[in-house]
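Each chain is listed here by its residues.
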Amino acid sequence: MNPDIVRERENASFNLELLTNILDGGEDKTNRRREIESLVIGDPDFQHEDLNFMSRSERYDAAVKKSAQMILKLREYGISDPEEIYAYKRVARGEFQEPLGVHFVMFVPTLHSQCTPEQHQKWVPLAESFQMLGTYAQTELGHERFFDPCSCVHRGRPEPLDLHLGMFLPTLLNQSSPAQLDAFFMPAWNLEIIGTYAQTEMGHGTHIRALETTATYDPSTQEFVLNSPTISSIKWWPGGLGKTANHAIVLAQLYTQGRCHGLHAFITPIRCMKTHMPLPGVVVGDIGPKFGFDEVDNGYLKLENVRIPRENMLMKYAKVEPDGTYMKPPSDKLTYGTMVFIRSMIVGESARALSKSCTIAIRYSAVRHQSELRPGEPEPQILDYQTQQFKLFPLLATAFAFHFVGQYMSKTYHRISGDINQGDFSELPELHALSAGLKAFTTWAANAGIEVCRMSCGGHGYSRCSSLPDIYVTFTPTCTYEGENTVMMLQTARYLLKSYKQARAGQQLTGIVSYLNEPQSRLQPHSVSSRPAIVDINDLASLVEAYKLRAAKLVELAAKNLQGELQQRKSNEDAWNNSSIDLVRASDAHCHYVVVKLFAAKLSEVGDTAVHSVLSTLALLYALHGIALNSGDFLQAGLLNVPQLDHISQRLKALLSEIRPDAVALVDAFDYRDEMLNSVLGRYDGNVYENMFEWAKRSPLNHTEVHESQHKYLKPLQSKL
Ligand SMILES: CCC/C=C/C(=O)SCCNC(=O)CCNC(=O)[C@H](O)C(C)(C)COP(=O)([O-])OP(=O)([O-])OC[C@H]1O[C@@H](n2cnc3c(N)ncnc32)[C@H](O)[C@@H]1OP(=O)([O-])[O-]
Ligand SMILES: Cc1cc2nc3c(=O)[nH]c(=O)nc-3n(C[C@H](O)[C@H](O)[C@H](O)COP(=O)(O)OP(=O)(O)OC[C@H]3O[C@@H](n4cnc5c(N)ncnc54)[C@H](O)[C@@H]3O)c2cc1C
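Residues numbered from 1 in each chain as written. Chains lettered and ligands numbered in written order. Predicted model: local features only at pLDDT ≥ 70, side-chain atom pairs only at ≥ 80, totals over all residues. Heavy atoms only, no water.

**As for the site of ligand 1**
The immediate surroundings of ligand 1 are formed by 24 residues, with T206, R209, Y336, R494 and K498 found nearest. With respect to ligand 1, the side chain of K498 contributes an N or O atom lying 2.4 Å from an oxygen atom. Elements supplying a minimum of two residues to the shell around ligand 1: α9 (162-175), α11 (337-367), α13 (428-456) and α15 (485-504). The element best represented in the shell around ligand 1 is α15, accounting for four residues. (Near = heavy atom within 4 Å. Polar contact = N/O pair within 3.5 Å; in protein donor to acceptor, adjacent residues only side chain to side chain. Helix = DSSP H or I, 4+ residues; strand = E, 2+ residues; numbered from the N terminus.)

**Brief notes about the UniProt feature "domain: Acyl-CoA oxidase C-alpha1" (unreviewed entry) in the chain**
When the UniProt feature table is mapped to this numbering, "domain: Acyl-CoA oxidase C-alpha1" (unreviewed entry) covers residues 336-497. Across residues 336-497, the secondary structure splits into 72% helix and 0% strand, with the terminal C-alpha atoms separated by 22 Å. (UniProt positions renumbered as here; feature names shortened; annotations may be inferred.)

**Description of the side chain of H625**
Positionally, H625 belongs in helix α19 (residues 609-629). Those residues within four positions of H625 in sequence are excluded, and the remaining contacts are F390, P394 and L652. (Contact = heavy atoms within 4.5 Å.)

**Observations regarding the sheet that holds strand β7 (residues 282-286)**
Pairing in this open sheet of three strands is antiparallel, and the strands run β4-β8-β7 from one edge to the other. Every other strand in the sheet has two partners, leaving β4 (235-236) and β7 as the edge strands with one partner each. Note: β7 against strand β8 (residues 299-303), five bridges, orientation antiparallel. Within β8, the residue paired with G285 across the bridge is Y300. (Pairing = 2+ DSSP bridges.)

**Some words on the pairing of strand β2 (residues 214-218)**
The element β2 is largely enclosed, with a buried count of four among its five residues. Direction of pairing for β2 relative to strand β5 (residues 247-256): parallel, over a ladder of three bridges. Bridged to T214 within β5 is Q253. A loop of four residues connects β2 with strand β3 (residues 223-227), the two strands running antiparallel in sequence, and Q222 in this loop sits at a positive phi of about 55°. (Buried < 20%, exposed > 50% of the residue type's maximum accessible area, 1.4 Å probe, protein only.)

**Describing the packing of aromatic side chains**
Taken as a whole, this structure holds 15 aromatic pairs when the rule is applied. A ring pair is formed by F291 and Y472, whose centres lie 6.3 Å apart and whose planes are at 90°; its orientation type is edge-to-face. Within this pair, whereas F291 is found in the loop between β7 and β8, its partner Y472 is found in helix α14 (residues 468-475), the two being separated by 181 residues in sequence. A centroid spacing of 6.2 Å and a plane angle of 65° characterise the contact between F402 and F441, whose relative ring orientation is edge-to-face. Of the two residues, F402 is situated in helix α12 (residues 386-421) and F441 in helix α13; the sequence distance between them amounts to 39 residues. Comparing F402 with F441, the two get one shared label, buried. (Phe/Tyr/Trp six-rings, centres within 6.5 Å; stacked < 30°, edge-to-face > 60°.)

**Here we look at the nonpolar core**
Residues L396 and F400 are the most contacted members of the largest nonpolar core, which totals 166 residues. Broken down by element, this core gets its largest block of residues, 17 residues, from α11. For this core, the two domains that each supply at least three residues are domain 1 (43-327) and domain 2 (335-526 + 543-669). Among residues more than four places away in sequence, those in contact with L396 are C358, I362, L618, I659, A663, L666, V667 and F670. Counting residues in each nonpolar core, the second largest holds 25 residues, with Y217, L226, V284 and A318 among its members. (Core = buried A, V, L, I, M, F, W, Y, C linked by side-chain atoms within 4.5 Å. Domains from an automatic or database assignment.)

**Side note on the packing of α13 against α14**
Interaxial distance between α13 and α14 falls to 9 Å at its minimum, and their mutual angle equals 160°. Judged by the inter-axis angle, α13 sits roughly antiparallel to α14. Crossing handedness for the pair α13 and α14: left-handed. The segment α13 lies against α14, with T443, A446, N447, I450, E451, C453 and R454 engaging L468, P469, I471, Y472 and F475. (Axes fitted to C-alpha atoms, helices over the stretch in contact; angles between N-to-C directions. Parallel < 35°, antiparallel > 145°, perpendicular 65-115°, else oblique. Left-handed = near helix turned anticlockwise from the far one by under 90°.)

**A word on the environment of F293**
Take F293: it is sitting in the loop between β7 and β8. The class of F293 is buried, set by a relative accessible area of 14%. Considering only alpha carbons, one finds F293 and G239, 54 residues apart in sequence, at a separation of 9.2 Å.

**A word on the environment of S355**
Topologically, S355 is positioned in helix α11. Between the alpha carbons of S355 and L681 there is a distance of 15 Å; along the sequence they are 326 residues apart. What S355 contacts, discounting residues up to four positions off in sequence, is A399, F670 and Y672. Among the polar contacts listed, one links the side chain of S355 to the backbone oxygen of R352, at a separation of 3.1 Å.

**Some thoughts on unusual backbone geometry**
Here the phi dihedral of H276 falls at roughly 65°; this positive angle occurs in a residue that is not glycine. Of note, H276 is situated in the loop between β6 (259-269) and β7. Judged by its relative accessible area of 28%, H276 falls in the partly exposed class. With a phi angle near 65°, S371 is a residue other than glycine that sits in the positive phi range. Summarising the element assignment, S371 is placed in the loop between α11 and α12. Judged by its relative accessible area of 39%, S371 is partly exposed.

**A word on helix α4 (residues 56-77)**
The first and last C-alpha atoms of α4 sit 31 Å apart over 22 residues, in line with the 32 Å expected at 1.5 Å per residue. For α4, the complete set of buried residues consists of R59, A62, A63, K66, S67, Q69, M70, I71, K73 and L74. With its phi angle positive at about 70°, G78 sits one or two positions after the end of α4. (Expected span 1.5 Å × (residues − 1).)

**Structural notes on the pattern of salt bridges**
In total, this model carries 39 salt bridges according to the counting rule given. Among the ionic pairs, D384 bridges to R660, the shortest N-O distance being 2.8 Å. Taken as a pair, D384 in the loop between α11 and α12 and R660 in the loop between α21 (642-659) and α22 (663-668) lie far apart in primary sequence, 276 residues in all. Residue D384 is classed as partly exposed on the basis of its relative accessible area of 33%. (Salt bridge = Lys/Arg side-chain N within 4 Å of Asp/Glu carboxyl O.)

**Observations regarding a nonpolar patch on the surface**
A contiguous nonpolar patch, built from Y713, L714, L717 and L721 and spanning about 460 Å² of accessible area, is present on the exposed surface. By the secondary structure assignment, L721 is in the segment after α25 (708-720). (Patch = residues over 30% accessible without salt bridge, like charges linked within 9 Å, V, L, I, M, F, W, Y side chains within 5 Å. Areas by Shrake-Rupley, 256 points an atom, 1.4 Å probe, with all protein chains shown as cover.)

**What about the side chain of T442?**
Structurally, the position occupied by T442 is in helix α13. Under the relative-accessibility criterion, T442 is labelled buried at 0%. Here L438 takes part through its backbone oxygen, which lies 2.7 Å from a polar atom of the side chain of T442.

Put into structure tokens, the structure is as follows:
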């Protein structure tokens, strides 16, 4: 064990096991999670060469193999609780994704959530043959017997099966009639059907109302005929589509009786279940190498007069009768349910990606010595440099904040989706606004934070052995997929502005936007110099209040700017576009307020004094750092005065020093085993250098002492010169 890291752990001011228990939600949960993780770590079937040393094809192969093994082992061990499945997969995957991810997380849940009772009756016997469903019963989406898609959301690296687990299964869960569920869920769960979620097209990802794929109902055969009428309508991006999946949930414009009824979901067989060859009329393949996601066969799909039975339209909400009569759903946004689900889960993913990165960067900073602080003295640990602390500790605080926000988002999703399943759609707009905004807010912050962690490790952060490049390339598309972040922020802004207008009209708001009801007089701008300071920078409650007032102020500002544009006789759409910078800023401030508020609220649940103290320091650091970064907003809203800015920077420095002795223990509390971090720099024992040397020796370029290119090119060249 490296002596620096041993000393760091001895200096900790709190019992880190207690903090781990808080992150897990209780001591029992920590123990069980560890038990499950050990099942993978001790299993020779999951030992393989570092994927960094493999070609893309080998990586895909290894990821499919791993997915298949995971599914078998989970069933062999009888692990069925969603949290436990997650704990198992998290270790088995490491930083890699699984090919079946979207099958379980999007495909099956979409089937679940969009079935009708009649369809349910038809297929129940199939479903009942599956032992695991019973145990999933308590947890899922208000249904009695469905599995929890949360357990399948990918964590770590993408895998070819991610889309099957991640979107195909969740969409099945959300949008199938019960009969469809039973028809498709069991084969999907047993992997006879491997599904993906095919929504995005080459020409449109964001503006899904403009998707061009068509599903035209033919009453004479009671089939839908699916077509990709243009080059831009080719489905592009779905994970697992290229080579893994044999079915896709295809989002297409529904035509019946000569009318278009908008986007609906259709289960579409794309490959033969026996030979795995593409079916007639189906052109399918891999879209080629990407920034990351090497293990996943993100694919293309062109449909040429592909016929599917009427029953393959997901009919829980909207329906097409045999004669072609269309029955409207109670809300046309229910088709978007899978996206809301995944966005809610991505919030917790932000916490995990950032906490892993902080673990690596902080452990490495504790064992790395560089430069001179005082002449003649030994080189200090780089963690002793104030600038290093300033890079890393606010991110550490952010990782804790996002962890608690992730827990909240997941609970809120389950509560509201339970109501939706009971036919109560009243909180759907709030769920959409919250999940869209927090998905964007947390992924942007974590994305930027991972890169800061990488650069804080100097040159070695650039090596794949640090794992930081892998974490980054795997995580960064969360800013784009499941709703591009700017677009998501604008969706939240839409809700905020609507709420603001309602508040101004005297309506009493409830939920997370209720602060918009507060008297506007509190928000009038004051001259910055004359205004008495209303924020106590040492009091978290006061800071929460400041974030709230800043959010209210920015929502008001955006509303006024929008109104100003409208008064210039601009159309609604142009006025909206001309105000969109302000609208995104308002959403960002709203989300920031929610995060600070939830972090502060979490403290009241912590009984242990030492843990409470260290978490309070982190919460204060998170809140003050955010104010320092956005000081213009707080000054403009009259919530701070200029002298306070200096106090804040002094206070921030003091907080960095307070956290310094606990930094390593704080990242240890995230409890990532070495096998999960897969990072030479982030090793628990701190023995970085010797292991870096061993890792490099395994590089394929070192398999021979002299590379063949010497003989092929350089020697002949030398002889010619
Ligand atoms: C492993 C990785 C896997 C990755 C997979 C993928 O990426 S899969 C691909 C992922 N792809 C994406 O994520 C695509 C991203 N794009 C989209 O989700 C949509 O095109 C959109 C939301 C941007 C606009 O949609 P639009 O043009 O239909 O809507 P509009 O703006 O005209 O607003 C009309 C009303 O609808 C409301 N409303 C909207 N959404 C929801 C919702 N989910 N729920 C509830 N409500 C919602 C909205 O608030 C508004 O309410 P209001 O004010 O009238 O009361
Ligand atoms: C790794 C990965 C996996 C994916 N997996 C899947 C999958 O399994 N299934 C699937 O269907 N899709 C998948 N996607 C596609 C993904 O969902 C889309 O790429 C995403 O929704 C963004 O859409 P877009 O690519 O059309 O971006 P665009 O909308 O073209 O975005 C480009 C720019 O335009 C801006 N913009 C667009 N509209 C607006 C607006 N209204 N207001 C302001 N600015 C705007 C955006 O902010 C952005 O800056 C995946 C993508 C990736 C990268």
